[in-house]
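A closer look at the structure
Below are the chains, spelled out letter by letter.
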Amino acid sequence: SSDMSASPSAWPGIVRLQGNSQCPEISQQAMATALSLLYHSVLNIPEDELAEVFLAAHWLQYTALEQECARLMKARITSSTVCKFYQAAEKCHRQDIVTVCFDWLCLHLVPQMLLTLHLGSIPHNVLLKVIKSDNIFTWNEYSIYRALCFWIFLQLHPKIQIMPAHSVIVAHFSQKNGGMTFLETPQGSKYLALFH
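Read on for an overview of the structure.

Our next topic: the layout of surface pockets. Where empty space is left in the structure can be found by rolling a water-sized probe over the atoms. Approximately 200 Å³ is the volume attributed to the largest pocket. Taken together, Ile131, Lys132, Thr138, Asn140, Glu141, Ile144, Tyr145, Leu148, Leu194, Phe195 and His196 form the lining of the largest pocket. Of all elements in the fold, only helix H6 (124-132) and helix H7 (141-156) reach the threshold of two or more residues within the lining of the largest pocket. Residue contributions to the lining of the largest pocket peak at 4 residues, all from H7.

Here it is, written out as structure tokens:
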């Protein structure tokens, strides 16, 4: 018989989770939510926790919850969730979710993402794939150029709180740095592939 008044770490069969060094993207709240769903059948996960709960379910090998989170993620893609969902799906090797998120970005980059600060959260490699896709929706090439300029500006100013006016972006990139354009500078050269 075991003494239940002893320290919980001494209880047989009890595993204490202290942080998660293997998957630091999973918050304690997300892990707690995933574990609580082992005992409750009602699935009410807020959108802002969905990607993390999905990661927790994958890490815990809780297949039913992972599948339900995947279904919800595919149905709840928005400007504020698409990048979190994409990155979580990549970590878990869920190509089905990656594809849905990618297709959403191709369709909404210009008409929707361009208007929000969430544009800056698109990873460089993903943005490159989207703008090179034959399926990207745009009115014209200038719209894509404009989205790229806004995205680069947001990379350079990650703490910005309000989406800047187009004139601010134009003024920023019109400045010459020692006679060089922005893309010719060491800071700008890493973005050059986006314009080829």
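Back to the text.
What follows is about the packing of helix H2 (residues 47-60) against helix H4 (residues 82-91). Where H2 contacts H4, the axes come no closer than 9 Å and their chain directions differ by 5°. One element, H2, and the other, H4, form an angle in the roughly parallel class. Counted together, Glu47, Asp48, Leu50, Ala51, Phe54 and Leu55 of H2 and Lys84, Phe85, Ala88, Ala89 and Lys91 of H4 form the full contact between these two elements. For the contact of H2 with H4, a count of residues per class yields 7 nonpolar, no polar and 4 charged.

Let us now look at the environment of Asn135. Along the chain, Asn135 turns up in the loop between H6 and H7. Overall, Asn135 belongs to the exposed group, its relative accessible area being 60%. C-alpha of Asn135 to C-alpha of Asp103: the two residues are 32 residues apart in sequence and 7.8 Å apart in space.

All right, on to the packing of H6 against H7 then. To describe two helices that pack against each other, one gives the angle between their axes and the distance between the axes. At their nearest, the axes of H6 and H7 sit 12 Å apart, and the two run at 175° to each other. When the axis of H6 is compared with that of H7, the two are roughly antiparallel. Contact with H6, carried on its side by His124, Leu127 and Ile131, involves Ile144, Leu148 and Trp151 of H7 and no other residues of that element. Per-class residue counts for the contact of H6 with H7 are 5 nonpolar, 1 polar and no charged.

A few words on H4. Those residues of H4 lying buried are Val82, Cys83, Phe85, Tyr86, Ala88 and Ala89. Of the surrounding elements, those touching the buried residues of H4 are H2, helix H3 (63-75), helix H5 (95-108) and H6. Phi turns positive one or two residues past the end of H4, at His93, with a value near 55°.

Moving on, we get to the packing of aromatic side chains. For the coordinates displayed, the defined rule picks out 6 aromatic pairs. Ring geometry for Tyr142 versus Tyr145: centroids 5.9 Å apart, planes at 35°, classification tilted. Residue Tyr142 and its partner Tyr145 are located together in helix H7, separated by 3 residues, close to a single helical turn. Between Phe173 and Phe182 the ring centres are 5.0 Å apart and the planes differ by 65°, which places this aromatic pair in the edge-to-face class. Linked through ring pairs, Trp151, Phe173, Phe182 and Tyr191 together constitute an aromatic cluster.

Next up on the list: the environment of Leu105. Tracing the chain through its elements places Leu105 in helix H5. Taking the C-alpha atoms as reference points, Leu105 and Val126, separated by 21 residues in sequence, lie 9.2 Å from one another. Setting aside chain neighbours within four positions, we find Leu105 in contact with Val82, Met113, Ile122, Val126 and Val130.

Bringing the pattern of salt bridges into the picture now. Between side chains of opposite charge, a pair can form as their charged atoms come close. On inspection of all chains with the given rule, the structure shows 4 salt bridges. For Asp96, the salt bridge goes to Lys74, with nearest N and O atoms at 2.9 Å. One end of the pair, Asp96, is in helix H5; the other, Lys74, is in helix H3, with 22 residues separating them in the sequence. Judged by relative accessible area, Asp96 falls into the partly exposed class, the value being 29%. Lys74 gets classed as partly exposed once you look at its relative accessible area, which sits at 35%. Residue Arg94 is joined to Asp96 by a salt bridge in which the shortest nitrogen-to-oxygen separation is 2.8 Å. Overall, the relative accessible area of 13% leaves Arg94 in the buried class. One network of salt bridges, with partners in common, ties together Glu66, Lys74, Arg94 and Asp96.

So, how was this worked out
Residues numbered from 1 in each chain as written. Predicted model: local features only at pLDDT ≥ 70, side-chain atom pairs only at ≥ 80, totals over all residues. Heavy atoms only, no water. 1 Å grid on protein atoms, 1.4 Å probe; cavity = no way out; pocket = protein on both sides within 12 Å on 5 of 7 lines; lining within 4 Å. Points joined across faces, edges and corners; volume = space filled by probe spheres on them. Helix = DSSP H or I, 4+ residues; strand = E, 2+ residues; numbered from the N terminus. Axes fitted to C-alpha atoms, helices over the stretch in contact; angles between N-to-C directions. Parallel < 35°, antiparallel > 145°, perpendicular 65-115°, else oblique. Contact = heavy atoms within 4.5 Å. Nonpolar A, V, L, I, M, F, W, Y, C, P; charged D, E, K, R; others polar. Buried < 20%, exposed > 50% of the residue type's maximum accessible area, 1.4 Å probe, protein only. Phe/Tyr/Trp six-rings, centres within 6.5 Å; stacked < 30°, edge-to-face > 60°. Salt bridge = Lys/Arg side-chain N within 4 Å of Asp/Glu carboxyl O.

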